[in-house]
Amino acid sequence: MTPVDLRSDTVTRPSAEMRTAIAAAEVGDDVYGEDPTVNALEAEVAALFGHEAALFTPTGSMANQVALQLLVPPGDELLCDADAHIVNYEIGAAALLSGISTRTWISSPVGALDVEAITAQIRTPVTHSVPTRAVAVENTHNRGGGAILPLDVLAELRKATAAHGAALHCDGARIWNAHVATGTPLASYGALFDTLAVCLSKGLGAPAGSLVVSSAERIGRARRLRKRLGGGMRQVGILAAGGRYALEHNLDRLADDHARARRLADALAPYGVVDTARVVTNLVPIDLTKTAVDAPTFVARAAEQGVLIGVTGQQHARAVTHLDVDDDGVERAASVLSSLLS
Ligand SMILES: Cc1ncc(COP(=O)(O)O)c(C=O)c1O
């Protein structure tokens, strides 16, 4: 039997229809700015967020790093939370590739924003201090179990960062989930940030591709930064076509993933391993601290029974719903994981 793969929303495979769209893509040399499909995707995504321009990148990590290079000169500082993807899963890129000094805040629960505390950490340039040039937030928050940053709190943060002359970046790899879960227009998020990095290869189900979204001036510079990082691709409309298809067909359906995540959370809650109030998008954090089993063992036992979930810590695991998992898959997962916990 095919396993139910809930390790991540990045494991999806392009559907037959998406592959047809990819096969039919008009292409050109994107380093010359001549790929019509990439150009169309960039214009569409910029418009969705109410920004002037966007730049296609192969990955979300590159989109984040290009955005950080736009905002923070070498030697200066980025402020972000200690659980951010940027400082946990990008392998020191900001330091190594861009000479960016990173300082973090700790949020509790993970993913929540305390604007006052963050503002207090912003440093202005004096002779011997490192000036904070940008603050980065993550929406939805990966290590925060898919937590959504509320718009009013983000607006407050925007006001505070602007008052201190610091730019604001959003790692919006899953901002689509926040948009669908809350009904907040993407442009309302867009209006609060100087730069956003958004991914097509997570819940939207494209095989690859992300974008940096910002002003025309910044995206002009970003094009050179991307080339320097080795991300100048040629007939990449092949990938952009998958992204355009995903935006047209797979955005609204994220609500199904959220409902399935809630269904799984409800099934596991009686075992004291899931806080259902925190399951608001497509991630289901599983906390095994009050059980007799550790996460690697639990995950291995689930895999033996055809349910794949991820280890996120010695006592923590997670399940992620996505477009390749249907109701039957979620029921199977609920039944296998429940039986392991009872
Ligand atoms: C919040 C967040 N930001 C950025 C990324 C990076 O995306 P990529 O794997 O395409 O580099 C991920 C990947 O999972 C993510 O979860």
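Data block above holds the structure.
What you are looking at is a predicted structure, and each value in this text was computed from that prediction instead of being measured.

1. Regarding the site of the ligand
- Taken together, the residues surrounding the ligand are Thr59, Gly60, Ser61, Asn64, His85, Glu90, Glu138, Asn142, Asp171, Ala173, Arg174 and Lys202.
- One of the backbone N or O atoms of glycine 60 is found 2.8 Å from an oxygen atom in the ligand.
- Between the ligand and the protein, one listed contact pairs an oxygen atom with a side-chain N or O atom of serine 61 at 2.6 Å.
- Of the residues contributing to the shell around the ligand, the split by class is one nonpolar, six polar and five charged.

2. A short note on the sheet that holds strand β2 (residues 53-57)
- Strand order in the open sheet made by the seven strands is β2-β8-β7-β6-β5-β3-β4, with mixed pairing throughout. Across the chains shown, the open sheet's two edge strands, defined by having one partner strand only, are β2 and β4 (101-105). Ignoring strand direction, the axes of neighbouring strands in this sheet form an average angle of 20°.
- Note that strand β3 (residues 77-81) and β4 share five bridges and pair parallel. Opposite aspartate 81, over in β4, you have tryptophan 105 as the bridge partner.

3. A closer look at the nonpolar core
- Counting 46 residues, the largest nonpolar core has Phe49, Leu113, Ile175, Trp176, Val198 and Leu200 as its most contacted members.
- Beyond its immediate sequence surroundings of up to four residues, isoleucine 175 is in contact with Phe49, Asn139, Thr140, Cys170, Leu186, Tyr189, Leu196 and Val198.
- Counting 29 residues, the second largest nonpolar core, distinct from the first, contains Ala295, Val299, Val307 and Ile309.

4. Digging into a negative patch on the surface
- Residues Asp114, Glu116, Asp152 and Glu156 make up a contiguous surface patch of negative charge.
- Classification of glutamate 116 as exposed rests on a relative accessible area of 68%.

5. Quick word on the pattern of salt bridges
- The final tally for this structure, using the stated rule, is 16 salt bridges.
- Here arginine 234 and aspartate 29 are joined by a salt bridge, their closest N and O atoms 3.1 Å apart. Here arginine 234 is found in the loop between α10 (216-228) and α11 (237-249), whereas its partner aspartate 29 is found in the loop between α1 (16-23) and α2 (36-48), with 205 residues between them in sequence.
- Given the relative accessible area of 15%, aspartate 29 is considered buried.
- For the salt bridge of aspartate 327 with arginine 260, the shortest nitrogen-to-oxygen distance reads 2.8 Å. Of the two residues, aspartate 327 sits in helix α14 (residues 327-341) while arginine 260 sits in helix α12 (residues 254-268), which places them 67 residues apart along the sequence.
- A relative accessible area of 46% means that aspartate 327 is categorised as partly exposed.
- A single network of salt bridges, built from pairs that share partners, joins Glu77, Arg103 and Arg123.

6. Overview of the sheet that holds strand β11 (residues 310-313)
- Reading across the sheet, the three strands line up as β9-β12-β11 and stay open at both edges, with antiparallel pairing between neighbours. At either end of the open sheet lies a strand with only one pairing partner, and these are β9 (283-287) and β11. Put simply, the sheet's adjacent strands are angled 30° from each other on average, direction ignored.
- When β11 meets strand β12 (residues 316-320), the two strands line up antiparallel, connected through three bridges. Its bridge partner being in β12, glycine 313 is matched across the sheet by histidine 316.

Each value, and the rule that gives it
- Residues numbered from 1 in each chain as written.
- Predicted model: local features only at pLDDT ≥ 70, side-chain atom pairs only at ≥ 80, totals over all residues.
- Heavy atoms only, no water.
- Near = heavy atom within 4 Å.
- Polar contact = N/O pair within 3.5 Å; in protein donor to acceptor, adjacent residues only side chain to side chain.
- Nonpolar A, V, L, I, M, F, W, Y, C, P; charged D, E, K, R; others polar.
- Pairing = 2+ DSSP bridges.
- Helix = DSSP H or I, 4+ residues; strand = E, 2+ residues; numbered from the N terminus.
- Axes fitted to C-alpha atoms, helices over the stretch in contact; angles between N-to-C directions.
- Core = buried A, V, L, I, M, F, W, Y, C linked by side-chain atoms within 4.5 Å.
- Buried < 20%, exposed > 50% of the residue type's maximum accessible area, 1.4 Å probe, protein only.
- Contact = heavy atoms within 4.5 Å.
- Patch = residues over 30% accessible without salt bridge, like charges linked within 9 Å, V, L, I, M, F, W, Y side chains within 5 Å.
- Areas by Shrake-Rupley, 256 points an atom, 1.4 Å probe, with all protein chains shown as cover.
- Salt bridge = Lys/Arg side-chain N within 4 Å of Asp/Glu carboxyl O.
- Lys, Arg positive; Asp, Glu negative; His and termini not counted.
- Charge placed at Lys NZ, Arg CZ, Asp CG, Glu CD.

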